[in-house]
Amino acid sequence: MPDSVLRAAGLVRSYASPAGPLCVLNGVSLDVRAGESVSVRGSSGSGKTTLLQILGGLDQPDAGVVEVLLPGLGLCPPRLALGRGVGFVFQNYQLMPELTAQENVALAARIAGIDAAEAARRAGELLGQVGLSARADHLPSKLSGGECQRVALARALVNRPPVLLADEPTGNLDERTAEEVMSLMLGVVATLGTALVLVTHSREFAERASRRYVLSGGVLSPA
Ligand SMILES: Nc1ncnc2c1ncn2[C@@H]1O[C@H](COP(=O)(O)OP(=O)(O)OP(=O)(O)O)[C@@H](O)[C@H]1O
Ligand SMILES: [Mg+2]
């Protein structure tokens, strides 16, 4: 069986609310193995984004442990692996508006300590893999939503993370573009051997993952 690239055990997360603590995650555990795809569905407010942010080290749980694989180092807390252990794709792309597609992708590599020439080379290669070589010098404002999300996918993968976390990556796209972006994402992660944790409201896209879960009442259960 392939090794784990992401492990979470006993995650608990509550938020303060006027009515008292709101328990969003109540003992969530998940083990993602190299190259596999996992989908998470759940109604709005069920805690999917909270879970992904904790898995990626952007938020801390109140209790529980998360570890992600850092190539060469083994399983580490995600905050140590940021940008290298996990890649993120967000619903609203989160590109830097003043940078071109090429610069957006290369910047993520530069932040992870890759030298400028290698960052540019990787960015060019990944933009080719997502079919955007001809748009590499365009600013996000000159790209369609589907193209912006393809740039964001290239950026998320530029540091060759063992796992990609995608939070409703097709939520802002029309049906046809959503299908194109989803097929591209599944194809690219399969080619690179990257594991995927996909949060989606789409039953159809969720079905395309090799393992499927539903988050409800703070608990993650097989779908
Ligand atoms: N920083 C915060 N402070 C207080 N409450 C929060 C905070 N972030 C999220 N929540 C609450 O936690 C719950 C889960 O939010 P979360 O964004 O994780 O849900 P979600 O499943 O991603 O929803 P959606 O499908 O709408 O994106 C919601 O009730 C939300 O209002
Ligand atoms: Mg969300």
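The following refers to the structure shown. (Residues numbered from 1 in each chain as written. Chains lettered and ligands numbered in written order. Predicted model: local features only at pLDDT ≥ 70, side-chain atom pairs only at ≥ 80, totals over all residues. Heavy atoms only, no water.)

**Things to note about the pattern of salt bridges**
So, point 1. Within this structure, the stated rule accounts for 11 salt bridges.
So, point 2. A salt bridge links Arg 33 to Asp 31; the nearest nitrogen and oxygen atoms lie 3.6 Å apart.
So, point 3. In this structure Arg 33 comes out as partly exposed when scored by relative accessible area, which is 25%.
So, point 4. Residue Arg 208 is joined to Glu 179 by a salt bridge in which the shortest nitrogen-to-oxygen separation is 2.9 Å. Of the two residues, Arg 208 is situated in the loop between helix H7 (203–207) and strand S9 (211–216) and Glu 179 in helix H6 (residues 175–192); the sequence distance between them amounts to 29 residues.
So, point 5. Here Arg 208 falls in the partly exposed class, since its relative accessible area comes to 33%.
So, point 6. Given the relative accessible area of 29%, Glu 179 is considered partly exposed. (Salt bridge = Lys/Arg side-chain N within 4 Å of Asp/Glu carboxyl O. Buried < 20%, exposed > 50% of the residue type's maximum accessible area, 1.4 Å probe, protein only. Helix = DSSP H or I, 4+ residues; strand = E, 2+ residues; numbered from the N terminus.)

**Examining the site of ligand 1**
So, point 1. Ligand 1 sits among 13 residues. The nearest are Ser 44, Gly 45, Lys 48, Thr 49 and Thr 50.
So, point 2. For ligand 1, an oxygen atom lies 3.2 Å from a polar atom in the backbone of Ser 46.
So, point 3. Here Glu 168 contributes a side-chain N or O atom positioned 3.3 Å from an oxygen atom of ligand 1.
So, point 4. Expressed as a share of its isolated accessible area of 640 Å², the protein-covered part of ligand 1 is 58%.
So, point 5. Sorting the residues of the shell around ligand 1 by element identifies strand S2 (22–33) and helix H1 (48–55) as the ones contributing at least two each.
So, point 6. Of the residues forming the shell around ligand 1, the biggest block, 3 residues, is contributed by H1.
So, point 7. When its residues are assigned to classes, the shell around ligand 1 shows 3 nonpolar, 8 polar and 2 charged. (Near = heavy atom within 4 Å. Polar contact = N/O pair within 3.5 Å; in protein donor to acceptor, adjacent residues only side chain to side chain. Areas by Shrake-Rupley, 256 points an atom, 1.4 Å probe, with all protein chains shown as cover. Nonpolar A, V, L, I, M, F, W, Y, C, P; charged D, E, K, R; others polar.)

**Remarks on the nonpolar core**
So, point 1. Membership of the largest hydrophobic core comes to 39 residues, with the highest contact counts inside it found for Leu 127, Val 151, Leu 153, Leu 164 and Leu 196.
So, point 2. For this core, the elements supplying multiple residues, two or more each, are helix H3 (101–111), helix H4 (116–129), helix H5 (145–157), strand S7 (163–167), H6 and strand S8 (195–199).
So, point 3. Of all the elements, H6 adds the most residues to this core, at 8 residues.
So, point 4. When near neighbours in sequence (up to four residues on either side) are disregarded, Leu 153 contacts Val 89, Val 130, Leu 164, Leu 184 and Met 185.
So, point 5. Among the nonpolar cores identified, the runner-up in size contains 30 residues, and Ala 8, Leu 25, Ile 54 and Leu 165 belong to it. (Core = buried A, V, L, I, M, F, W, Y, C linked by side-chain atoms within 4.5 Å. Contact = heavy atoms within 4.5 Å.)

**A few points about H4**
So, point 1. Its 14 residues place the ends of H4 20 Å apart at the C-alpha level, agreeing with the 20 Å of an ideal helix rising 1.5 Å per residue.
So, point 2. Three or more residues of H4 are buried, namely Ala 119, Arg 122, Ala 123, Leu 126 and Leu 127. Projected down its long axis, H4 shows its buried positions confined to an angular sector of 130 degrees, all on one face.
So, point 3. Turning to H4, the residues buried within the fold contact H3 and H5.
So, point 4. Measuring from the side-chain oxygen of the N-cap residue of H4 to the backbone nitrogen of Ala 117 gives 3.1 Å; that N-cap residue is Asp 115.
So, point 5. Trailing H4 by a residue or two, Gly 131 shows a phi angle of about 75 degrees, which is positive. (Expected span 1.5 Å × (residues − 1). Arc of directions from axis to C-beta.)

**As for the packing of H3 against H4**
So, point 1. Taken N-terminus to C-terminus, the directions of H3 and H4 make an angle of 130 degrees; their axes are 8 Å apart at the nearest point. For the element pair H3 / H4, the angle class is oblique. The interaxial crossing formed by H3 with H4 has right-handed handedness. Here Ala 101, Gln 102, Val 105, Ala 106, Ala 109 and Arg 110 of H3 lie close against H4, whose contacting residues are Ala 116, Ala 119, Ala 120, Ala 123, Gly 124 and Leu 127.
So, point 2. Here the residues of the contact of H3 with H4 sort into 9 nonpolar, 2 polar and 1 charged. (Axes fitted to C-alpha atoms, helices over the stretch in contact; angles between N-to-C directions. Parallel < 35°, antiparallel > 145°, perpendicular 65-115°, else oblique. Left-handed = near helix turned anticlockwise from the far one by under 90°.)

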